[in-house]
Amino acid sequence: MRFFRRAAQPADLPAIVSIYNHTIPSRKVTADLEPVSVASREAWFAEHAAANRPLWVAEDDEGHIAAWLSFSDFNRRPAYAGTAELSIYVREDCRRQGLGRQLLADAIEVAPKLGLHSLIGLIFGHNQPSLSLFNAFGFTSWGMLPRVAVMDGREYDLVIVGRRVD
């Protein structure tokens, strides 16, 4: 199956939220513990209307959203404007098809045109697939926050990975 990347539209938000919510039970991808609502993500979606912090979706030949990638502010202070946090979420039945790789490669290529010099990812230390993906694209460990997330009574590390793109 082929996938096509495009800018997310407001009508895509339910599919984006659905993909996100399906990752919550795994406790590997997000620190949210309960599903989020479409309404609760509207402000987040609006933040990605800016030209320098896009939100992309990947859709299949039939027009179904299979994945998404967002560029988000790492920190809103002006000195950090050249750094963005990347988030990638792939629908469960579309994983292991190279979609995350395609989106990450596109993000690295486009980043300088968005005025970015650095990209970061915040990834749980036990999320080996995501750590491996970012590592394959030259991201290295820029830090680790030990045992900062507590889910279901267990503590988890958060690894900060980063890469310069200029």
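Reading the values: the criteria
- Residues numbered from 1 in each chain as written.
- Predicted model: local features only at pLDDT ≥ 70, side-chain atom pairs only at ≥ 80, totals over all residues.
- Heavy atoms only, no water.
- Pairing = 2+ DSSP bridges.
- Helix = DSSP H or I, 4+ residues; strand = E, 2+ residues; numbered from the N terminus.
- Axes fitted to C-alpha atoms, helices over the stretch in contact; angles between N-to-C directions.
- Contact = heavy atoms within 4.5 Å.
- Core = buried A, V, L, I, M, F, W, Y, C linked by side-chain atoms within 4.5 Å.
- Buried < 20%, exposed > 50% of the residue type's maximum accessible area, 1.4 Å probe, protein only.

A. Representation of the sheet that holds strand β1 (residues 3-7). Read from one edge to the other, the open sheet built from seven strands follows the order β1-β2-β3-β4-β5-β7-β6, with strand pairing classed as mixed. Edge positions in the sheet fall to β1 and β6 (140-151), since each of these pairs with one other strand and no more. Between one strand axis and the next, the sheet turns by 25° as a mean value, whatever way the strands run. Strand direction decides the pairing type here: strand β2 (residues 55-60) and strand β3 (residues 65-73), joined by five bridges, are antiparallel. Looking at β3, one finds that Leu55 is bridged to Ser70. Strand contacts of helix α1 (residues 13-23): β2, β3 and β4 (83-90), with the helix running at about 90° to β3, the strand carrying the most contacts. Those strands touched by helix α3 (residues 99-110) are β1, β2, β3, β4, β5 (118-124) and β7 (154-164), and its axis lies near 35° from that of β3.

B. Region of the structure containing the nonpolar core. Core analysis: the largest hydrophobic core is formed by 31 residues, its most contacted members being Phe71, Leu86, Leu104, Leu119, Phe134 and Phe139. Looking at this core, the elements with two or more residues in it are β2, β3, β4, α3, β5, α4 (128-136) and β7. Of all the elements, α3 adds the most residues to this core, at six residues. Aside from chain neighbours lying at most four places away, what touches Phe71 is His48, Arg53, Pro54, Trp56, Ala84, Glu85, Leu86, Ala107, Leu114, Leu116 and Leu119. In terms of nonpolar packing, the next biggest core, distinct from the first, is built from 15 residues, Tyr20, Ile24, Ile65 and Trp68 among them.

In short, the description is geometric, and any link to function would need to be established separately.
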